[in-house]
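# Examining the three-dimensional arrangement
Next come the chains, spelled out residue by residue.
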Amino acid sequence: MPNPRIGILALQGDVEKHRAALERAGATVREVRAPADLDGLDGIVLPGGESTTMSRLLRTGGLFEPLRAFLAAKPVLATCAGLILLAKNVDRLPYETFGLLDITAHRNAWGRQVWSFQEEIAWPHSVNGGRSPFKAIFIRAPRILRVGEGVEVLAGCRGEPVAVRQGNLVALAFHPELSGDDRIQRWWLAGIGR
Ligand code: GLN
């Protein structure tokens, strides 16, 4: 698809850097705040931020159910707090998640001294031949404690999964939009409409 129309959930969190990366990669971007913003989109990004705040705003804005229907059907790239929102099981979140991704996520669980860190990970998919390690930036990231049978682990860090895929859902524990390397967004966009 030459210019996919991609939404970014824009209730809270790291929207601008995702927008810039997606636009550099050739997408037409729309910020999603209300159900009507989902109309005609080819895919959506759930950004990092604070999953508690996003959960609250999703409900007060009436977006939770329409967005759940969209996430069940269309390509999704979820990062950090976005991964938490997709997960079937999450600890320490006083809200129901979308529950679509068969993983158990543990919030803020990389230990206080390393709540935020960066580490090179092996990203398995090449884009334009670029297959060097990816600098993954983790900011109070969730740990993925369990992956269900239908979930493929795309990449790991320190012996644990940090990038997973289940059908139309791709979820990353880190922030790909902060590393100045758009390979993951380009790979994800290239898979849309295939
Ligand atoms: N700690 C955040 C949460 O629990 C996630 C952090 C992030 O998105 N960078 O929602």
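Residues numbered from 1 in each chain as written. Predicted model: local features only at pLDDT ≥ 70, side-chain atom pairs only at ≥ 80, totals over all residues. Heavy atoms only, no water.

Let us now look at the overall build of the protein. Scanning the protein from terminus to terminus reveals five helices and twelve strands. For the C-alpha atoms alone, the extent of the protein along its principal axes is close to 40 × 40 × 30 Å. Out of the 194 residues in the protein, the part that is buried amounts to 51%. Relative to all contacts within the protein whose residues are 6 or more apart in sequence, the contacts with residues 24 or more apart total 64%. When the accessible surface of the protein is totalled, it reaches about 8300 Å², and 49% of it is carbon and sulfur. For the protein, the separation between the mean place of its 24 positive charges and that of its 20 negative charges on side chains is 1 Å. (Helix = DSSP H or I, 4+ residues; strand = E, 2+ residues; numbered from the N terminus. Buried < 20%, exposed > 50% of the residue type's maximum accessible area, 1.4 Å probe, protein only. Contact = heavy atoms within 4.5 Å. Areas by Shrake-Rupley, 256 points an atom, 1.4 Å probe, with all protein chains shown as cover. Lys, Arg positive; Asp, Glu negative; His and termini not counted. Charge placed at Lys NZ, Arg CZ, Asp CG, Glu CD.)

For the rest of this paragraph, the subject is unusual backbone geometry. Look at R140: it is not a glycine, yet its phi comes out positive at around 40 degrees. For R140, a relative accessible area of 31% gives the class partly exposed. Of note, R158 is a non-glycine position whose phi angle comes to about 50 degrees, a positive value. Residue class for R158 comes out partly exposed when judged on its relative accessible area of 42%.

Here the focus is the environment of H18. Summarising the element assignment, H18 is placed in helix α1 (residues 16-24). Each C-alpha atom of the pair H18 and I8 lies 7.7 Å from the other, and the pair is ten residues apart in sequence. Aside from chain neighbours lying at most four places away, what touches H18 is I8, V45, P47, T79, P176 and E177.

No statement about biological role is implied by the geometric values presented.
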